[in-house]
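Here is what each chain is made of, one letter per residue.
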Amino acid sequence: MTRASDTQGPARDRTRGAMLSKEGLPGWLDPVVRAVETVRPTQLSRFLPPADGAGRQSAVLILFGDGTRAGEGGEEVGRGPELLLMERAGSLRSHPGQPAFPGGALDPEDGDPRGDGPLRAALREAEEETGLDPAGVQLFGVLPKLYIPVSGFVVSPVLAWWREPTPVGVVDPAETARVFTVPVADLTDPANRVTTIHPSGHRGPAFLVESALVWGFTAGIIDRLLHFAGWERPWDREKQVPLDWRA
């Protein structure tokens, strides 16, 4: 998450035209598009924004790619549809060390939180954290705003298609430990699914993928997207991974 005073002008300029479009999306994303259009807030989480308007407005980018890369012989190779994730630096105050979607708090320059401000914030933060080029990203939907009680963030999940993939990686080690993609097939594989148990007693879905435990808010969103898109496969909800009090 970068302060407004630290953000360079060109990065903001590339997000000024942020808008939603479903034109030209690959057919395999159709179930996700339908889910975004029909899902209700209470179907995503029991933690909804406070009625009094409290909370810090923020946005995350849920970026789907087709997972193809150019092979040594010029042929296309890949692992199929994938999601872009990052691992937050362990030194951060909010959610240190957790795998997450790129994102962060809205800056005043992003615009109206009730309008297209979350779209610009999601693109801006993703560029600042992963180095992706927003010009190759097509935004196609926004899920209902959700709430993260532990940090007080009101989050707008912005969904996007990585129409023209560009290289990504750690931009600032003080914010990001690593950037990686996860095949959707790995997320739907029952062998990679577990339930995390916090010492407070809270239980939640999680994923053991790419040498990481994806849990908390990020795993909850992925879990619901897989479910409402019809991609979820039966998995053992009694397979548990305990968390400690630092989580």
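Quick caveat: nothing in here was measured; it's all calculated off a predicted structure.

A.B. asks: Before we go on, may I ask you to explain the overall build of the protein chain in this structure?
C.D. replies: When helices and strands are tallied, the protein chain shows six helices and 14 strands. The 247 residues of the protein chain split such that 47% are buried. Counted over contacts in the protein chain with a minimum sequence separation of 6, partners at least 24 positions apart contribute 68%. Accessible surface, the protein chain as shown: approximately 11700 Å² in total, 52% of it carbon and sulfur.

A.B. asks: Can you help me understand the pairing of strand E4 (residues 82-88) in this one?
C.D. replies: Taken residue by residue, a regular strand's side chains alternate between the two faces of the sheet. For E4, the buried fraction is high: six of the seven residues fall into the buried class. Pairing between strand E1 (residues 56-65) and E4: two bridges, direction antiparallel. The residue of E4 that forms the bridge with phenylalanine 64 is leucine 83. Relative to strand E10 (residues 176-183), E4 runs antiparallel, the two being bridged by seven bridges. The residue of E10 that forms the bridge with arginine 88 is threonine 176.

A.B. asks: Please explain the nonpolar core as it appears in this structure.
C.D. replies: Soluble globular proteins: nonpolar side chains tend toward being buried together. The biggest cluster of nonpolar side chains holds 36 residues, and the ones touching the most others in it are Ile62, Phe64, Phe140, Leu143 and Leu159. A total of five residues in this core trace back to one element, the largest contributor, which is helix H6 (residues 216-228). Formed by 19 residues, the second largest nonpolar core is a distinct cluster that contains Leu84, Met86, Ala122 and Ala160.

Conventions and cut-offs
- Residues numbered from 1 in each chain as written.
- Predicted model: local features only at pLDDT ≥ 70, side-chain atom pairs only at ≥ 80, totals over all residues.
- Heavy atoms only, no water.
- Helix = DSSP H or I, 4+ residues; strand = E, 2+ residues; numbered from the N terminus.
- Buried < 20%, exposed > 50% of the residue type's maximum accessible area, 1.4 Å probe, protein only.
- Contact = heavy atoms within 4.5 Å.
- Areas by Shrake-Rupley, 256 points an atom, 1.4 Å probe, with all protein chains shown as cover.
- Pairing = 2+ DSSP bridges.
- Core = buried A, V, L, I, M, F, W, Y, C linked by side-chain atoms within 4.5 Å.

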